Amino acid sequence: MSIAAVKKTTLKPKDYKSDVSVVWCPGCGHYGILNAIYRALSEAGVDPSQLISISGIGCSSRSPYFINSYKMHTLHGRAGPVATGAQLARPDLAILVLGGDGDGFSIGGGHMPHMARKNVDMTYVLFDNGIYGLTKGQYSPTSRPEMKAYTTPYGGPEEPMNPLLYMLTYGATYVAQAFAGKPSVCAELIKGGLEHRGFSYINIYSQCPSFNKIDTIEFYRDLVEAVPKDHDVTDLGAAINLARQSSEGRAPMGLLYKADRPTLDQRMHAMVEGVNGRPDYDLNQIIDLNRP
Amino acid sequence: MEKKDLVIRIAGEGGEGVISTGDFIAAACARAGQEVYTFKTFPAEIKGGYAMYQVRTSLDPLFNQGDTFDILCAFNGEAYEVNRHRLVPGTAFVYDYPAGDFEPEIPDGVIAYPIPMSQTAKDMKSYRSKNMVALGALSALFNINEKTLIEVLIDKFKSKGPENLSFNLEAFHKGKELAAALGKKDLWRVADPVPAKDVLIISGNDAVGLGAILGGIRFYSAYPITPATEIAKFVAVHIPKVMGTLIQAEDEIASISQVLGASYAGKRAMTATSGPGLSLMGEMLGMASMSETPVLVVDVQRGGPGTGMPTKHEQSDLFLAIHGSHGDAPRIVMAVEDVGDCIHMTVEALNLAEHYQCPVILLSDGSLAFSTQTVPAPKPGAVKIVERKRWDGTGEYKRYQASPDGISPMADPGTPQGMHVATGLEHGPAGAPNHSPPNHEAMHRKRFGKLKTVVDFVAPTQVDGEGQADVGIIAWGSTIGVVREAVARLRADGIKVKGFYPKLMYPMPVAHYEAFAATCNKILVPEVNFQGQLSHFIRAETAIMPISMTICGGVPFTPIQIMNKVREIL
């Protein structure tokens, strides 16, 4: 959400913590991302009553419980369309979607292209740990084939997907990537997503010390590489070239792409204006169209 | 004696004007003060294929499409072949001859009116006016009011230019003259006009759309599916006028998810679909039960399972509507009888969802989807809107706090201090996850317990008849209309029969069923599905042992079928 219109406050990061205790394993990257979210909300000045945090199912999908805001903890894979409905119903509020790689790209994968191309005004933070943690370690759409896991005892038979390339291709208007070990970078990119009007996608690598034994904190630290200072974030081709590096053993960190395009709710609003919509529209006019 | 309750069936190839001819007759009859009930079938193909439109009209109320047609108007050989077995003595048969593509055999007693429809259109150098020739002939032969018919044609064609209108009127008058030259030889005649009533003529699908707008929806999301898509079409035209939003989702899982999100955000929200879509929505309906979020799903049933028979009628989603979710997932299920119900029960279903904070499924069916009927025009000022209970902003807010009626106030996002979670996990009063045995049981009691009063919130059932009867017929959905007529005709023949018509399917109003059954020696349950789905629920939840009567050929019952069965089991 462009939070320009949302009621502002001057809360500290800790004021965005709810009273539900966090339940992740020690050493989990998600702690860093959650703290970055608190910081981003504080820096952006979002009033908790003006924010809906929405998730599906998974370790990271527990996040809304830990955030002081309106929140929905929905079904596996369905955070995106639930958030789309909430956003269209209340375009004056900020919408934050939080979830993992399995939730977003496997079971919920059918929804991702449509939120991106429709430019639904929300900020989607994807906690990418390359594993299903809540079900104790199965390979996910972003797992590397060399990973031996619960259902891949001999290694994975599949190539991982590239979330950034996917989002750029489908038309997301704010695409960024970070690493949970760099919480200040995460916070800055999430804040940027909240301030962007349109579909903001932030992919954040997050180590899972319990189940993903190959994508360690050290692995991610070596993998990520800051987006070059001279990168033009309005150049889709350049962004796609950066995103492709993820398939070549390096991964860009920072903002890759940002575009201004009308959001779905803006286009819906234009339709209302086009027919002179009013809350007190005379319904007899609709009834009369159905007379013989 | 003249017969003034008559059924005109027009049949031909899709694209020949079969549907518009039927629409013109229906509108003209309604404008002349007649009741109208139409029924149509159309091919699964986009172009071509067999199309049929049937208009039943009478001065008396109509509840169904009739036993069969009294007048057949055949545009081509296929229309004749499909319907020839129903050309019984007394039937009037209007057909394209000579120079049509067929030469029918006229059975004894059938009154034939050969009209050179194609030839006349060809002479006018416009094949498209063939149906206007037929319309003129039908008007002259069966007293379809010419004044109102011409008014309808003017309204229809005026936007297409004066030339187009005069051309069509010329074809209409030629048809009239051709028929007049043949002379009237049958008994079928539409009654003379009476003052027009304050009615709409509207299809079941459009009526659901109208009910949705009258019922105050501000959000609608759906995915295209036969035979429900026209509801979205209607709503799409009108919802921006009331500052609402319609979105076409990427699939039915997304559409119900979007509805849930919009409802949480405080808006009256709904979707409509058919069986396959409702199957996909099952998990999210359970989420709505668990998170106590109001959602309305209209299911326009079609032939199943799998892809089934998408354009055909069936009442086979009752099991799915009542129990289609994992876990113990309470919801309210209602079923409409006719097009009038499609309007006011959509309003009622929205009110139920908002009041009880749960999913509501409203069942319509393929025979109502495209059936147009005359219905009293609704008055917006008389529509009762029930809002959800909202938090008053005082004290500490707990979303799922226990209350005497089980209903806990909701807080719209944006409300200061109202922050809470809507969750699919089992939860305690404040929404935090809670998997303790006593909590799960208490929350089940809350979610199911609040539905105990639904039976008082709506008119759950109707009883047709008084005193003791030999046979009581329990019918639901559009089968009710057929049974109403069967009951009236059997009673006129001196048979003691009563009807019982549930509109609330779940929670099942058991006391109403049992009170009715106590007045009948035998209970017959006709329904259009293979398994006898309502019979199953009656056996499961009441002490009644019904006789199940099922058909599932993709078409509705006729009154005669019900009457014959009652006579058989007497």
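The paragraphs below set out a description of the structure included in this document. Note that this is a predicted model, so its numbers are computed, not measured.

Looking now at the packing of aromatic side chains. On inspection of all chains with the given rule, the structure shows 22 aromatic pairs over all chains. Considering the side-chain rings of A:Phe105 and A:Tyr166, the 5.2 Å spacing of their centres and the 80° angle between planes classify their relative orientation as edge-to-face. Remark: A:Tyr166 occurs in helix α5 (residues 163-170) and A:Phe105 occurs in helix α3 (residues 101-107); sequence separation between them is 61 residues. Centre to centre, the rings of B:Phe500 and B:Phe516 are 4.9 Å apart; their planes meet at 25°, and the pair counts as stacked. With B:Phe500 in strand β18 (residues 497-502) and B:Phe516 in helix α17 (residues 510-517), this residue pair connects regions lying 16 residues apart in the sequence.

The next point concerns the pairing of strand β1 (residues 51-55) of chain A. Residues and elements named next belong to chain A. Counting buried residues in β1 gives five out of five residues, a clear majority hidden from the surface. By the alternation rule, side chains of β1 split into Leu 51, Ser 53 and Ser 55 and Ile 52 and Ile 54, which are all buried. Bridging between β1 and strand β3 (residues 94-100) involves five bridges; their strand directions are parallel. The residue of β3 that forms the bridge with Ser 55 is Leu 98. When β1 meets strand β2 (residues 70-73), the two strands line up parallel, connected through four bridges. The partner of Ser 53 across the bridge, within β2, is Lys 71.

Residue and element names in this part refer to chain B. Spatially, five strands are ordered β16-β18-β17-β20-β21 in an open sheet, and the strand pairing comes out mixed. Of all the strands in the sheet, just β16 (461-464) and β21 (547-550) have a single pairing partner and so form its edges. Between one strand axis and the next, the sheet turns by 20° as a mean value, whatever way the strands run. With four bridges connecting them, strand β20 (residues 520-527) and β21 associate as parallel partners. The residue of β21 that forms the bridge with Pro 526 is Met 549. Against the sheet, helix α18 (residues 533-541) makes contact with β17 (469-474), β20 and β21, and its axis sits at roughly 140° relative to β20, the strand it touches most. Against the sheet, helix α19 (residues 559-569) makes contact with β17, β20 and β21, and its axis sits at roughly 145° relative to β20, the strand it touches most.

This paragraph deals with the side chain of B:Lys450. All names here are of chain B. The topology assignment puts Lys 450 in the loop between α14 (437-449) and α15 (454-457). What makes Lys 450 buried here is its relative accessible area of 2%. The contact partners of Lys 450, leaving out residues within four places of it in the chain, are Glu 292, Tyr 356, Gln 357, Asp 405, Gly 406, Ile 407 and Arg 445.

This next bit is on helix α6 (residues 162-182) of chain B. Residue and element names in this part refer to chain B. For α6, which comprises 21 residues, the first-to-last C-alpha distance of 31 Å matches the rise-based estimate of 30 Å (1.5 Å per residue) to within 8%. Along α6, the positions that sit buried rather than exposed are Leu 165, Asn 168, Leu 169, Ala 171, Phe 172, Gly 175 and Ala 179. Across the axial projection of α6, the buried residues extend over an arc of 155°, all falling on one side. In α6, the exposed positions that point more than 90 degrees away from the buried face belong to Pro 162, Glu 163, Glu 177, Ala 180 and Ala 181. If you follow the buried residues of α6, they end up packed against β6 (111-115), α4 (130-142) and α5 (146-157). Of the residues flanking the end of α6, it is Gly 183, one or two places downstream, whose phi is positive at about 85°.

We now examine the sheet that holds strand β19 (residues 504-506) of chain B. Residues and elements named next belong to chain B. Here seven strands make up an open sheet; going across it, the order is β9-β8-β10-β11-β13-β12-β19 and the pairing mixed. Because the sheet does not close on itself, it has two edges, and the strands there are β9 (245-248) and β19. Here the average twist between neighbouring strands, direction ignored, is 20°. Where strand β8 (residues 219-222) meets strand β10 (residues 269-273), two bridges bridge the pair, whose relative direction is parallel. Bridging across to β10, Tyr 220 finds its partner in Met 270. In this fold helix α9 (residues 252-264) packs onto β8, β9, β10 and β11 (295-301), with an angle of close to 165° to the strand it touches most, β10.

Analysis parameters
Residues numbered from 1 in each chain as written. Chains lettered and ligands numbered in written order. Predicted model: local features only at pLDDT ≥ 70, side-chain atom pairs only at ≥ 80, totals over all residues. Heavy atoms only, no water. Phe/Tyr/Trp six-rings, centres within 6.5 Å; stacked < 30°, edge-to-face > 60°. Helix = DSSP H or I, 4+ residues; strand = E, 2+ residues; numbered from the N terminus. Buried < 20%, exposed > 50% of the residue type's maximum accessible area, 1.4 Å probe, protein only. Pairing = 2+ DSSP bridges. Axes fitted to C-alpha atoms, helices over the stretch in contact; angles between N-to-C directions. Contact = heavy atoms within 4.5 Å. Expected span 1.5 Å × (residues − 1). Arc of directions from axis to C-beta.

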